[in-house]
Amino acid sequence: MENLKVINCPSCGKEIEKNSMTGKYTCTSCNKIFGKRAKCNKCGEELELLEACGAQQFFCNKCNELKSKKSCEFFIKEL
Ligand SMILES: [Zn+2]
Ligand SMILES: [Zn+2]
């Protein structure tokens, strides 16, 4: 089970909820939509998501390195 963390809107600080249909986060107070993104734990660069056979892997273009889910940090970004 994934441990659900509370995510707050970067604009207004209000708690935002994940839409289970779209997998995106919506802030009802500023009407903004956010998506979950991964960043490199070394350089902080946003990682590219590679999906192969249902397995999710991330790639850092800066470090030129393949990252597992464990070695990246997640943040939310306005879409
Ligand atoms: Zn907001
Ligand atoms: Zn990196």
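Structure: above.
Parameters and conventions
- Residues numbered from 1 in each chain as written.
- Chains lettered and ligands numbered in written order.
- Predicted model: local features only at pLDDT ≥ 70, side-chain atom pairs only at ≥ 80, totals over all residues.
- Heavy atoms only, no water.
- Donors = N, O, S within 2.8 Å, 3.2 Å for Na, K, Ca; no water.
- Tetrahedral: all angles 85-135°; square planar, octahedral: opposite > 155°, others 65-115°.
- Helix = DSSP H or I, 4+ residues; strand = E, 2+ residues; numbered from the N terminus.
- Pairing = 2+ DSSP bridges.

*Asks:* It is not clear to me how the coordination of the zinc ion (ligand 2) should be interpreted in this structure. Could you clarify?
*Replies:* Four donors placed tetrahedrally about a metal ideally form angles of 109.5 degrees, and six donors placed octahedrally ideally form angles of 90 or 180 degrees. Looking at the metal site, the zinc ion (ligand 2) is ligated by Cys 40 (SG), Cys 43 (SG), Cys 60 (SG) and Cys 63 (SG), spaced 2.2 to 2.4 Å from it. Here the zinc ion (ligand 2) binds four donor atoms, and the angle range of 101 to 116° at the metal identifies the geometry as tetrahedral. Along the chain, the residues donating to the zinc ion (ligand 2) are arranged with the sequence spacing C-x2-C-x16-C-x2-C. Residue Cys 43 is found in the loop between β4 (32-40) and β5 (48-52), and its partner Cys 60 is found in strand β6 (residues 55-60); the two are separated by 17 residues along the sequence.

*Asks:* What is the right way to look at the sheet that holds strand β1 (residues 7-8) in this model?
*Replies:* Adjacent strands of a sheet pair through backbone hydrogen bonds, lying either parallel or antiparallel. With antiparallel pairing, the five strands of this open sheet are ordered in space as β1-β2-β3-β4-β8. Lying at the two open borders of the sheet, with one neighbouring strand each, are β1 and β8 (72-78). Sheet analysis places β1 next to strand β2 (residues 15-18), joined by two bridges and oriented antiparallel. Counterpart to Ile 7 in the pairing with β2 is Ile 16.

*Asks:* What am I meant to see in the pairing of β4 here?
*Replies:* Two faces, one strand: in a regular strand the side chains alternate between the faces of the sheet. Pairing geometry for strand β3 (residues 25-27) and β4, over three bridges, is antiparallel. Residue pairing across strands places Cys 27 opposite Lys 32, the latter belonging to β4. Between β3 and β4, which pair antiparallel one after the other, the connecting turn spans four residues, and Asn 31 there sits at a positive phi close to 60°. Note that β4 and β8 share seven bridges and pair antiparallel.

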